[in-house]
Amino acid sequence: MAADGGSSSLQLPCVFSPKSRQFLALCAQDGRLRIWNTDSKTLHQEYVPSAHLSATCTCIAWGPCRTVKEGPQRKKRKSEAVQVEEKADLLAMGTAAGTVLIYSTAKGALHCTLDGAHSGGVNCVQWHPEESLLYSGSDDTNIVEWDLQTGKTRSKWKADRAAVTSLCVSPDGKLLLSAGHIIKMWDLDTKEVYRKFTGHSTAVTTLRFATTRPPDSNGLYFLSGAAHDRLLSVWQVREDGKDKNSVVSFTLTDEPQHIDLVTSNSKEEAVRLAVVCKDGQLHLFEHFLNGPCKKPLSPSCTVQMSDTKESPMPIPLLAAVLGADTRTVMLAYGSRLQPVMEKVEINTAERHVCLARDVQTTLSLSMETTVSKVKTPIVNAKSKVLVPGLPGHKAPLKGTSQGSEKRKKDTDTKEMSIAERLGEIDLSTVSEKGASKGTASLQTDNFAVLLVQGLESNDASILNKVFLTRKEMVIKKTVARLPLSAVLPLVEELTKRLQGHPFTAVLMVRWLKAVLMHHTSYLASLPDLVTQLGALYHMIESRVKMFHKLTKLQGKLYLLMTQMATSDSSNVVSDVDHTAKLVYEDESSDEDEASGDEGLPDEDSDHWEEDEAMTEDNQEESEDEDPDSRTESKANGEEDMEHENESEEE
């Protein structure tokens, strides 16, 4: 009888190995498969799938126990010959990427990968009890039958209109239960539907055969559990086909997470059931399956775990399996990353049992027994070891005095006071180009020393003077010369100042950028980096939360303003000014005038009086019309007068 393998994709799978219960396999939130030894309470193996973050493990199922060849061994004598024990070896893992991984605990490595058949995530995997066959159900609504000897698909068929969320093979290997919203029973020889069962409103997450009797004897029962459903329903496969409703229901406190049962072989034998719910409680049931039962059955015993503190807190149960004895139960509880396995005897006469355990002590004992690859050096009790990032590493630095002693020997001058240093490093005094390089190095050196002193003494005046620097090179060199022990206090100080006015935040961001660029490797080595930089990260996130929306708004406003400006400019059409900006008159020479004057009397001497009269009339008519034309007519009149005078002289 194998443990439950048809887990929901929402729940992280946790399954005990069949028969001997020697191993507990579970996948935690980090996507790694961990196999724990229940006897030694230690981590037996750990396997990290290549795509454990993108294609997380959704379901686990142990294969049937088999004899395993553990490498070449010498031939044993007849007296040494012992019966070979069958062990749990192969483990099938369905992934969200649609592949099925087969892991071998004997090899401690991946046995094979089954892929290419599912287009959606695998929700459930189930082994055939006798043959080397595996069945998988997926979000793509298909069931695939895999042949593990070839590693290829043997058959594939559409099971439902919805995703296949759970599978279960009958103990004789002839029937297969599949479920989405409807439970279907398949004949594995013909791959045709034998029966249909409806009754769950949500996706079915658990299917288990409760009896080993043949289906034509009215004695075949199975149970089902669904998401967000606080009932386990028991169905009877009737010969006459009148099996539309569930016959028995078991009441739970929450959705079932892990189920283990001991099947009934006859009517006189009761079905024993252990159900771990999502709320971390264990419910034990014992019932004789013989026809319908109207009332829901409550558990015969409920088990809870709690710690041993003054105000006890509940410890969640992860999985539970029933032993050969009716009172013995193997429990797994605590954290999925470090579960505690324990075999307990429960007094089933009591309806409610609460087990108090000190999880921390149990974990520390189990951690001591584990074989660690990390060797810790033997250190004398009197010596003090400083590790980066651990408490004690932030102790006030005494190394700065050594540097000042060296500086004393080199320069042979007295050490300056802080006030003198502040006066010396004032950036506004640096004006000479020739001494700029020397003063820059002096400033960065002084800045680094001052910054360390300011951080140790928490002197605001020194820190303000240093932080007001705007030169990128000075900031970079100062940060580069900082000792490692001053990096974290500097980041904390910058975080405090970033919470102030945005104007100061602009300056602090420059320093923060330099720290992250120069001291990334040191910061990455800190064990509590997330807590140290968490406040800074959240503050920056809140500061830039509106930036994206504001840039969108700015773009829209810019478009509106440009449209308005272009429409205004198109409406205003300027009048064209037709007046000449410059009039140039060419004065002719005296000779040309003389030659022109000589010809005038011959041509126009007879019409002087007529021309004069015409010009006077034209002047009178055009006085009201245009002042320009009036000036032109006056000019013409003057010219006529000149012509007249010239002719008189002649």
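Attention in this report is confined to the structure presented alongside it. Values in this document were obtained by computation on a predicted structure and should not be read as measured data.

Parameters and conventions
Residues numbered from 1 in each chain as written. Predicted model: local features only at pLDDT ≥ 70, side-chain atom pairs only at ≥ 80, totals over all residues. Heavy atoms only, no water. Axes fitted to C-alpha atoms, helices over the stretch in contact; angles between N-to-C directions. Helix = DSSP H or I, 4+ residues; strand = E, 2+ residues; numbered from the N terminus. Parallel < 35°, antiparallel > 145°, perpendicular 65-115°, else oblique. Left-handed = near helix turned anticlockwise from the far one by under 90°. Contact = heavy atoms within 4.5 Å. Nonpolar A, V, L, I, M, F, W, Y, C, P; charged D, E, K, R; others polar. Pairing = 2+ DSSP bridges.

1. Thoughts on the packing of helix H6 (residues 472–480) against helix H8 (residues 502–518)
Part 1 of the argument: Across the interface, H6 lies against H8 with an axial gap of 9 Å and an inter-helix angle of 45°. With respect to H8, the element H6 is oriented oblique. Crossing geometry of H6 relative to H8 is assigned as right-handed. Of H8, the residues touching H6 (which contributes Glu-472, Ile-475, Lys-476, Thr-478, Val-479 and Ala-480) are Arg-510, Trp-511, Ala-514, Val-515 and His-518.
Part 2 of the argument: Tallied by class, residues from the contact of H6 with H8 come to six nonpolar, two polar and three charged.

2. Structural notes on the packing of helix H5 (residues 460–467) against helix H7 (residues 487–498)
Helix packing geometry: the angle between the two helix axes and the distance between the axes.
Part 1 of the argument: Two numbers describe how H5 lies on H7: the axes approach to 13 Å, and their chain directions differ by 85°. When the interaxial angle is binned, H5 and H7 end up roughly perpendicular. On the side of H5, the interface is formed by Ala-460, Leu-463, Asn-464 and Phe-467, while H7 contributes Leu-490, Glu-493, Leu-494 and Arg-497.
Part 2 of the argument: Per-class residue counts for the contact of H5 with H7 are five nonpolar, one polar and two charged.

3. Notes on the sheet that holds strand E17 (residues 204–209)
Part 1 of the argument: Taken together, four strands build an open sheet; the order of strands is E17-E18-E19-E20 and the sheet is antiparallel. Lying at the two open borders of the sheet, with one neighbouring strand each, are E17 and strand E20 (248–251). When the angles between neighbouring strand axes are averaged without regard to direction, this sheet yields 20°.

4. Focus on the sheet that holds strand E26 (residues 317–322)
Part 1 of the argument: Spatial strand order, E26-E27-E28: three strands in an open sheet with antiparallel pairing. Two strands bound the open sheet, and with one partner strand each, they are E26 and strand E28 (339–345). Recorded for the sheet is a direction-independent mean angle of 20° between the axes of neighbouring strands.

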